[in-house]
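Take a look at the letters that make up each chain.
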Amino acid sequence: MILTLYVREHCHLCEDMLAALEAWQAERALLLETRVVDIDADPILAARYGERVPVLAAMEQEICHYRLDPAAVDAYFAEIR
């Protein structure tokens, strides 16, 4: 499973969400790949997300944004099992 974290440079919320996601994965002993994508490198992503970063997504489904929502991530994984 690959999770995608849409971010932009110099974004403290983005850094916070990445750290929280890493802690969430460690607590659950999950081996997930997290792909970090800078939206400013792609005009389409920049237009889609604008100031609404960070956004955590899996397979194009948004799971949460701004701050990691562990309950939403847990619900996503429960739904796909």
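Residues numbered from 1 in each chain as written. Predicted model: local features only at pLDDT ≥ 70, side-chain atom pairs only at ≥ 80, totals over all residues. Heavy atoms only, no water.

### Notes on the nonpolar core
At step 1: Judged by nonpolar contacts, the single largest core of 26 residues is most densely connected at L3, Y6, L56, L68 and V73.
At step 2: Counting only elements with at least two residues in this core, the list comes to β1 (2-7), α1 (12-28), α2 (43-49), β3 (55-58), β4 (61-65) and α3 (70-80).
At step 3: Element by element, the count of residues in this core is highest for α1, at five residues.
At step 4: If we ignore the near neighbours within four places in the chain, the residues touching L56 are L3, T4, L5, M17, L21, Q61, E62, I63, C64, L68 and V73. (Core = buried A, V, L, I, M, F, W, Y, C linked by side-chain atoms within 4.5 Å. Buried < 20%, exposed > 50% of the residue type's maximum accessible area, 1.4 Å probe, protein only. Helix = DSSP H or I, 4+ residues; strand = E, 2+ residues; numbered from the N terminus. Contact = heavy atoms within 4.5 Å.)

### Side note on the sheet that holds β1
At step 1: Taken together, the four strands give an open sheet; going across it, the order is β2-β1-β3-β4, and neighbouring strands pair in mixed fashion. Sheet topology places β2 (33-38) and β4 at the edges, where each strand pairs with a single neighbour. Sheet twist, expressed as the average angle between the axes of neighbouring strands with direction ignored, equals 25°.
At step 2: By the bridge criterion, six bridges tie β1 to β2 in an arrangement that is parallel. Residue pairing for β2: L5 is matched across the bridge by V36.
At step 3: In the packing of α1 onto the sheet, contacts are made with β1, β2, β3 and β4, and the angle to β1 comes to roughly 160°. (Pairing = 2+ DSSP bridges. Axes fitted to C-alpha atoms, helices over the stretch in contact; angles between N-to-C directions.)

### Here we look at the packing of aromatic side chains
At step 1: Scanning the model with the defined rule gives three aromatic pairs in all.
At step 2: Relative to Y49, the ring of Y6 lies with its centre 4.7 Å away and its plane at 25°, an arrangement referred to as stacked. Linking Y6 in strand β1 with Y49 in helix α2, this pair joins segments that are 43 residues apart in sequence. Grouping residues by exposure puts Y6 and Y49 together as buried.
At step 3: Relative to F77, the ring of W24 has its centre 5.8 Å away and its plane inclined at 25°; by these criteria the two rings are stacked. (Phe/Tyr/Trp six-rings, centres within 6.5 Å; stacked < 30°, edge-to-face > 60°.)

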